[in-house]
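Structure assessment
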Amino acid sequence: MSTQNKVALVVGAQGVIGRNLIEHLATLGDWDIIGLSRRGGASTGRVRYVEVDLLDRNDCRAKLGGLTRVTHLFYAAYQDRPTWAELVPPNLAMLVNVVDAVEPVASGLRHVSLMQGYKVYGAHLGPFKTPARETDAHHMPPEFNVDQQAFLEQRQKGRDWTWSAIRPSVVCGFALGNPMNLAMVIAVYAAMSKELGLPLRFPGKPGAYDSLLEMTDAGLLARATVWTATHERCANQAFNINNGDLFRWSEMWPKLALFFELEVAPPLPMSLDVVMADKEPLWNAMLEKHGLERNPYKDVSSWRFGDFVFSWDYDMFADGSKARRFGFHEYVDTEAMFLDIFADFRRRRVIP
């Protein structure tokens, strides 16, 4: 690695957010990149990967204690748990373990970027104030995003580095084996519907079909994340990052069905986690029939997350104007985003 470049440590390198962030950083030319994940990765060019168990404090110290040149730490790791309370200990511990291992040895550390989401506003609990703003009051805990930010705020006092908190909506992009990948949920659900000769039915709650919501493109999010980490004006600030448009599934669903050449039938509330549980044999048959990449069914099925998103029978959006006021003016058309991602899945031979 060269000596003049900024050095990014991307934690959660194989997720939809981390993967796209690394791809963006690699195009900029003045970054060296280290990706952390439990699965590691194939190092190429300016990017090298480190396989590490973030929940193991000793493993973090052993694997990360030599990363003395890190200038920017981008934290996007996440571990799922069955309840909101159970999410707190592991997700807080992973962040603490990384910072404890890296901060003491990286004397040139300038910034720590924390990936959050609308859970900060209680969006996962039920109807909440919309549009949500960065200044909104926190809700009754437990909430690991809030605990993570509180840790960073306290740790940063008296230090030379700064922090930022990035709050996207549902993030859409390419990643495999990710527990929160809505674009993959829709693509695989549509592909299987077509394989079975079925129309595309919206599977969520009745009210969810007509609620207002928004998405965040993973590429847009990557650009915004680097922007906040490299502009002094953004120091110690939180930012909502979204595509900039709103939609209803009742309008979007037929457009997505058209991409897959499917008819649309009336919505039918059903748990994808339940009805798709027996579909692994169908998926394996599709791999053979269509010559797809041999991605295991478990790596392309985030059905619980699909159920979660499709259960929002209330508006789900936040005010993204703060980022624009601070200087980030990019936006993405959400319909085009979905269709581009589906086309990318096909190019990668993930779906027929």
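What you are looking at is a predicted structure, and each value in this text was computed from that prediction instead of being measured.

1. Notes on the pairing of strand β5 (residues 111–115)
Taking burial as the measure, the five residues of β5 include five buried ones, the bulk of the element. Here β5 shows no split at all, with His111, Ser113 and Met115 on one side and Val112 and Leu114 on the other all buried. With respect to chirality, the unit in which strand β4 (residues 72–75) leads through helix α3 (residues 84–102) into the neighbouring parallel β5 is right-handed. Two elements, β5 and strand β6 (residues 162–168), share five bridges in a ladder whose sense is parallel. Considered in β6, the bridge of Met115 is made with Ile166. What joins β5 to β6 is helix α4 (residues 144–156), and the crossover it makes is right-handed.

2. Some details on the pairing of strand β1 (residues 6–11)
Among the six residues that make up β1, six are buried, leaving the element largely enclosed by the rest of the structure. The pairing of β1 with strand β2 (residues 31–37) spans six bridges and is parallel. The residue of β2 that forms the bridge with Val11 is Leu36. Since β1 and β2 lie parallel, the crossover through helix α1 (residues 16–28) that links them has a hand, and here it is right-handed. With four bridges joining them, β1 and β4 adopt parallel strand pairing.

3. With respect to the layout of surface pockets
The computed volume of the largest pocket comes to approximately 980 Å³. Lining of the largest pocket is provided by 46 residues; of these, Ala76, Tyr78, Asn178, Pro179 and Met180 occupy positions nearest its centre. For the lining of the largest pocket, the secondary structure elements donating two or more residues are α1, α4, β7 (170–172), α10 (297–300) and α11 (303–309). Its residues placed into classes, the lining of the largest pocket shows 24 nonpolar, 16 polar and six charged. If you add up the space inside the second largest pocket, you get close to 340 Å³. Together, 16 residues line the second largest pocket, and Tyr78, Asp80, Arg81, Arg304 and Phe305 are the ones closest to its centre. With four residues, α11 is the largest single contributor of residues to the lining of the second largest pocket. In terms of residue class, the lining of the second largest pocket is built from nine nonpolar, three polar and four charged.

4. Thoughts on the sheet that holds β4
With parallel pairing, seven strands are arranged side by side in an open sheet as β3-β2-β1-β4-β5-β6-β10. The open sheet terminates on both sides in strands that have one partner only, identified here as β3 (47–51) and β10 (237–241). Each neighbouring strand pair of the sheet contributes to a mean axis angle of 20 degrees, computed without reference to strand direction. Here β6 runs beside β10; their pairing, made up of five bridges, is parallel. When the bridges of β10 are listed, Ala165 appears paired with Ala238. Of the strands in this sheet, β4, β5 and β6 touch α4, which is tilted by about 165 degrees from β6.

Rules used in this analysis
- Residues numbered from 1 in each chain as written.
- Predicted model: local features only at pLDDT ≥ 70, side-chain atom pairs only at ≥ 80, totals over all residues.
- Heavy atoms only, no water.
- Buried < 20%, exposed > 50% of the residue type's maximum accessible area, 1.4 Å probe, protein only.
- Helix = DSSP H or I, 4+ residues; strand = E, 2+ residues; numbered from the N terminus.
- Right-handed = clockwise from strand over helix to strand, strands pointing away.
- Pairing = 2+ DSSP bridges.
- 1 Å grid on protein atoms, 1.4 Å probe; cavity = no way out; pocket = protein on both sides within 12 Å on 5 of 7 lines; lining within 4 Å.
- Points joined across faces, edges and corners; volume = space filled by probe spheres on them.
- Nonpolar A, V, L, I, M, F, W, Y, C, P; charged D, E, K, R; others polar.
- Axes fitted to C-alpha atoms, helices over the stretch in contact; angles between N-to-C directions.
- Contact = heavy atoms within 4.5 Å.

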